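Chain residues, written in single-letter form:
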Amino acid sequence: MNLKHERIAGERGAIGARAAERRAGGGTTRGGGASRRRGPELEDAILDAAWEVLVEHGYHGFTYEAVAARAGTSRPVLYRRWPQRDGLLLATLTKSWQLIAVPDTGSLRDDAIGFLHNADADRAGMITLMSVQLVDYFRDTGTSLGELRDTLITPGQATAFEMIVARAVERGELPDVPRSSRVVNLPLDLLRHDMFMTMRAVSDESIVEIVDEVWLPLLGAPGAPPTPPG
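As the structure is a prediction and not an experimental result, all values here were calculated from the model. (Residues numbered from 1 in each chain as written. Predicted model: local features only at pLDDT ≥ 70, side-chain atom pairs only at ≥ 80, totals over all residues. Heavy atoms only, no water.)

Peer 1: I'm lost on the pattern of salt bridges in this one. Help?
Peer 2: Any two side chains of opposite charge can pair if their charged atoms end up close together. Throughout the structure, instances matching the rule amount to 12 salt bridges. A salt bridge links Arg81 to Glu43; the shortest N-O distance between them is 4.0 Å. A residue pair is termed long-range when its members are at least 10 positions apart, and Arg81 in helix H4 (residues 75-81) and Glu43 in helix H2 (residues 39-57) qualify at 38 residues. Given the relative accessible area of 29%, Arg81 is considered partly exposed. Note on Glu43: relative accessible area 33%, which makes it partly exposed. When the shortest N-O distance is used, the salt bridge between Arg139 and Asp136 registers 2.1 Å. Of this pair, Arg139 and Asp136 both sit in helix H7 (residues 135-141), 3 residues apart, which is roughly one turn of the helix. Assessed through its relative accessible area of 23%, Asp136 is described here as partly exposed. Counted as one network, the salt bridges with shared partners bring together Glu52, Glu56 and Arg70. (Salt bridge = Lys/Arg side-chain N within 4 Å of Asp/Glu carboxyl O. Helix = DSSP H or I, 4+ residues; strand = E, 2+ residues; numbered from the N terminus. Buried < 20%, exposed > 50% of the residue type's maximum accessible area, 1.4 Å probe, protein only.)

Quick look at the structure:
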């Protein structure tokens, strides 16, 4: 087994173990038996089980039978909530796709670097797993990871870097001029690129380079570190 596969296997095990711990913490009756789960409690248990199945077996093994067995419930329970398998998949990913904290340090540069560190910590393992385990899904649906990511984001919600730039404009760090979405969101795009190319967390040095040597000069930020010759 090569190092990349070892890292993916380790990430699968860590995520699966956390989900199993959450499900194991379910309620019990006074007599010590398992309580009957209902409503949100049951749905959380199903989605935790579905995430484990996806991590361990990929989209090909992401079946109603496998999820129901892992969750300790029946297929009709799943069908009532998610009549289509892709609906169950999106619900599973949405539950695990948590918003990344956006720092508010009072500095454009520090906010950008801080957010990239948060994104690197929160997304590196998940993006690696999704890129590997959802290959069959992307092939069957003719979609991409970028399109899937867009379905997991609330429509009309400002991106993290749109928020960071807007704050900088309000503070007077940046002039209030039109900027393309591609330029504003470039740091996160470059971070994702590094994640995909290396299949590992991005180094602190690379994060600083993205902000100091690429993004701030593009924004024309006052006091941005000069771009190295060449």
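Peer 1: Can you walk me through the packing of aromatic side chains in this structure?
Peer 2: A ring pair, where both rings are aromatic, is described by two values, the distance of the centres and the angle of the planes. Considering all chains together, one arrives at 5 aromatic pairs under this definition. Pairing Tyr137 with Phe138 gives two aromatic rings, centres 5.6 Å apart and planes at 65°, and the pair type is edge-to-face. Each member of the pair, Tyr137 as well as Phe138, is classed as buried. Here Phe161 and Trp215 contribute two aromatic rings whose centre-to-centre distance is 5.2 Å and whose plane-to-plane angle is 75°, an arrangement assigned as edge-to-face. (Phe/Tyr/Trp six-rings, centres within 6.5 Å; stacked < 30°, edge-to-face > 60°.)

Peer 1: Even after reading the chapter, I still don't get the layout of surface pockets, so can you show me in this structure?
Peer 2: Here the idea is plain: a probe the size of a water molecule rolls over the atoms and shows the empty space left. Considered as a void within the structure, the largest pocket measures approximately 640 Å³ in volume. Taken together, 26 residues make up the lining of the largest pocket; nearest its centre are Ile153, Thr159, Ala160, Leu188 and Arg192. For the lining of the largest pocket, the secondary structure elements donating two or more residues are helix H6 (108-133), helix H8 (145-151), helix H9 (160-171), helix H10 (181-184) and helix H11 (186-198). The greatest single-element share of the lining of the largest pocket, amounting to 5 residues, is contributed by H11. Of the residues belonging to the lining of the largest pocket, the class tally is 15 nonpolar, 5 polar and 6 charged. (1 Å grid on protein atoms, 1.4 Å probe; cavity = no way out; pocket = protein on both sides within 12 Å on 5 of 7 lines; lining within 4 Å. Points joined across faces, edges and corners; volume = space filled by probe spheres on them. Nonpolar A, V, L, I, M, F, W, Y, C, P; charged D, E, K, R; others polar.)

Peer 1: I'm lost on the packing of H2 against helix H5 (residues 85-96) in this one. Help?
Peer 2: Between two packed helices, what matters for the description is the angle formed by their axes and the separation of those axes. As a packed pair, H2 and H5 sit with axes 9 Å apart at the nearest point and diverge in direction by 95°. Considered as vectors, H2 and H5 are oriented roughly perpendicular to each other. Contacts from Asp44, Leu47, Asp48, Ala50, Trp51 and Leu54 of H2 reach H5 at Leu88, Leu89, Ala91, Thr92, Leu93, Lys95 and Ser96. Looking at the contact of H2 with H5 residue by residue, the class counts come to 8 nonpolar, 2 polar and 3 charged. (Axes fitted to C-alpha atoms, helices over the stretch in contact; angles between N-to-C directions. Parallel < 35°, antiparallel > 145°, perpendicular 65-115°, else oblique. Contact = heavy atoms within 4.5 Å.)

Peer 1: Whenever I open this one, H2 confuses me. Can you help?
Peer 2: Within an α-helix, residues lying three or four positions from one another point in the same direction, as the helix has 3.6 residues per turn. If you check H2, its first and last C-alpha atoms are 27 Å apart, about what 19 residues at 1.5 Å a residue would give, namely 27 Å. Listed in full, the buried residues belonging to H2 are Leu42, Ala45, Ile46, Leu47, Asp48, Ala49, Ala50, Trp51, Glu52, Val53, Leu54 and Val55. Immediately downstream of H2, the backbone of Gly58 shows phi near 75°, a positive value. (Expected span 1.5 Å × (residues − 1).)

What is shown is where atoms sit, not what they do.
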